[in-house]
Amino acid sequence: MHLLTTQQMAQADQLTMDSGLSGCDLMQNAAEAVASIIRQLAGADQLIQILCGPGNNGGDGYALGAILVREWRNVEIFAVAAPKDDSDAAWARSKWGKDVRPLSEFRPDGSAIIVDALFGAGLSRPLEGDALEAVERANGSAATIVAVDIPSGIGGNDGKIYGTAIEASDTVTFFRGKPGHWLYPGRGNTGRLHVKQIGIEERVLRTIDSNCRLNGPFLWIGSLPSSENSTHKYERGAALIFSGAALSTGASRLSALAAARAGAGAVTLVAPPDAARVHAAHLTAIMVNEAETREDALERACNGKERAAVIGPGYGVGEPLKKLVLGLLKASNSALKTIVLDADALTSFREDPETLFDAIRAGKKNVVLTPHEGEFSRLFPNLAEGHAKTEKAAEAARRSGAIVLLKGSDTVIAEPDGCIAINPNGTPLLATAGSGDVLAGIIAGLAAQNMPLFLAACAAAWLHAEAARSFGRGLVADDLPDQLPAILESLFDTEERGQ
Ligand SMILES: NC(=O)C1=CN([C@@H]2O[C@H](COP(=O)(O)OP(=O)(O)OC[C@H]3O[C@@H](n4cnc5c(N)ncnc54)[C@H](O)[C@@H]3O)[C@@H](O)[C@H]2O)[C@@H](O)CC1
Ligand SMILES: [K+]
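No experiment lies behind these values; they were computed from the predicted model shown. (Residues numbered from 1 in each chain as written. Chains lettered and ligands numbered in written order. Predicted model: local features only at pLDDT ≥ 70, side-chain atom pairs only at ≥ 80, totals over all residues. Heavy atoms only, no water.)

### Describing the environment of Q483
(1) Moving on: Along the chain, Q483 turns up in helix 21 (residues 480-496).
(2) Moving on: Placed 222 residues apart in sequence, Q483 and R261 show a C-alpha to C-alpha distance of 8.5 Å.
(3) Moving on: Every residue in contact with Q483, bar those within four places of it in the chain, is listed here: A467, S470 and F471.
(4) Moving on: At 2.9 Å, the side chain of Q483 and the side chain of S470 are in polar contact. (Helix = DSSP H or I, 4+ residues; strand = E, 2+ residues; numbered from the N terminus. Contact = heavy atoms within 4.5 Å. Polar contact = N/O pair within 3.5 Å; in protein donor to acceptor, adjacent residues only side chain to side chain.)

Below you can see the structure in the form of structure tokens.
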């Protein structure tokens, strides 16, 4: 599903109005959509306290009040300032036609439903004064809060809090969600998101240049590899995982198991001899190759049948890893087309990230970088602060020439050409040692099966989180790979049933 920035949403409104539906029609439809949620949440006698801002978000609030009083509901409206004369919001306020009290008089009723129609897509500065106090009072009360379009104080494009922000239990938005509904902290303030249609036609999306989507199976299920037609393990797809030294083999082993469970037909760990022995003691289905030196490891990678490799987990930060990564990126004429650079492979380039980016752009490999916020700020120091997470990832992808999967509870995946996906199913369960190694392995496992790499990265982020959810409490990273087959099975099952 597309996510639209506030500017793109205004464009969608405008295109709709150009083709005949008036702004007041849209506002009325928006208010009807919010009313449908209020009817589900509110008892017949429950007080509804609506907080209205000066713009069209406030207009939605007045139009909602007019609908609800016609249903004999008990409604109070408080406004921060009157709408501009002749605006759509002024029209809506005239439809309400009853008493409007100043926002400074708002005192939440703990048993009420509070409707937040203060600011929506037009938020242009941090909340202050009466609006700030009203939001803090509402948040501090026991009342249920329903936000219109987006919780007031949340930036629609970046999910950041401006001054303070409404903490809603439900948010009703129109036509499409916005990045700010899905990026933290905004995601935490949004509560349940209801996306309602208000008469904006799908075809406006053809005019709007939207590059941001919500990640989910609908995005990539058609490209998810199915092993049905492969008869040979290498035909199904092989992946290579580089191991670190004997005392840090766990990370690469997690990547290898994940690649195998994601469907790669053959997975091989390439390891220094002492580490290879440790792996051999732990593994059965995963193959282990010894490599005496870094050059041996590189040669093995370049002459193998593997299409995808993971390098970085548990390898050890330093010059040897840098050289190995640069060697892999440079290598031509090998089956290896995709390289997932994770953990130590990212940190090893913190002093001179440009060397890495130059090598990625100059080489012919498809590369995924999988930084968490700390690794990201080391590789892209001037992108770390201030920007929306989506913009940070997109700019990092453009600069590096790699797909960037910026991890977190709201993981963002970005392509160098500007396409972005926000992952919706992240869970705190994934904040456990080794979880990132599994993610890198899933990406490689899917890419080994020839899944287009951006879609593989999106699918991996979603599957990874789904695996954590399906295991639940007490999860350690070792548990994640084993959850994958059932999740994949259910996805294919759903697709076959055409859902
Ligand atoms: N006709 C349309 O375009 C439609 C708009 N809709 C609603 O309209 C909203 C967007 O309307 P607007 O563009 O008028 O924007 P908003 O109503 O979100 O806010 C803009 C107004 O708030 C003021 N403002 C912004 N930040 C402030 C702050 N921190 N403190 C005090 N004042 C502040 C601005 O000066 C302006 O007067 C959407 O969020 C949606 O709820 C819906 O009714 C659907 C149709
Ligand atoms: K709002």
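After presenting the structure, the write-up continues.
### Remarks on the UniProt feature "binding site: K(+)" (unreviewed entry) in the protein
(1) Moving on: Residues given the UniProt feature "binding site: K(+)" (unreviewed entry) here are N57, D116 and S152. In three dimensions, the annotated residues from a span of 96 residues occupy one location, with a maximal C-alpha spread of 9.5 Å.
(2) Moving on: Its place among the elements puts N57 in helix 3 (residues 56-70).
(3) Moving on: Discounting chain neighbours no more than four positions away, the residues touching N57 are D116, A117, L118, F119, G120, V148 and D149.
(4) Moving on: Its place among the elements puts S152 in the loop between strand 5 (144-148) and strand 6 (170-174). (UniProt positions renumbered as here; feature names shortened; annotations may be inferred.)

### Topic: the coordination of the potassium ion (ligand 2)
(1) Moving on: At this site the potassium ion (ligand 2) is bound by N57 (OD1), D116 (O), D116 (OD), F119 (O), V148 (O), I150 (O) and S152 (OG), with donor distances of 2.7 to 3.2 Å.
(2) Moving on: For the potassium ion (ligand 2), all donor residues lie on one chain, and their spacing in sequence is N-x58-D-x2-F-x28-V-x1-I-x1-S. Linking F119 in the loop between strand 4 (113-117) and helix 5 (129-140) with V148 in strand 5, this pair joins segments that are 29 residues apart in sequence. (Donors = N, O, S within 2.8 Å, 3.2 Å for Na, K, Ca; no water.)

### A look at the pattern of salt bridges
(1) Moving on: Under the criterion given, the structure shown has 21 salt bridges.
(2) Moving on: Salt-bridge contacts for E76 lead to R101; the nearest nitrogen and oxygen are separated by 3.9 Å. Of this pair, E76 sits in strand 2 (residues 74-79) while R101 is found in strand 3 (residues 101-102), placing the two residues 25 residues apart along the sequence.
(3) Moving on: When its relative accessible area of 24% is taken as the criterion, E76 is described as partly exposed.
(4) Moving on: A salt bridge links R137 to E133, with the nearest nitrogen and oxygen atoms 3.4 Å apart. Of this pair, R137 and E133 both sit in helix 5, four residues apart, which is roughly one turn of that helix.
(5) Moving on: The partly exposed category is assigned to R137, whose relative accessible area is 25%.
(6) Moving on: In the salt-bridge network here, residues are joined through shared partners; they are E373, K389, K392 and D410. (Salt bridge = Lys/Arg side-chain N within 4 Å of Asp/Glu carboxyl O. Buried < 20%, exposed > 50% of the residue type's maximum accessible area, 1.4 Å probe, protein only.)

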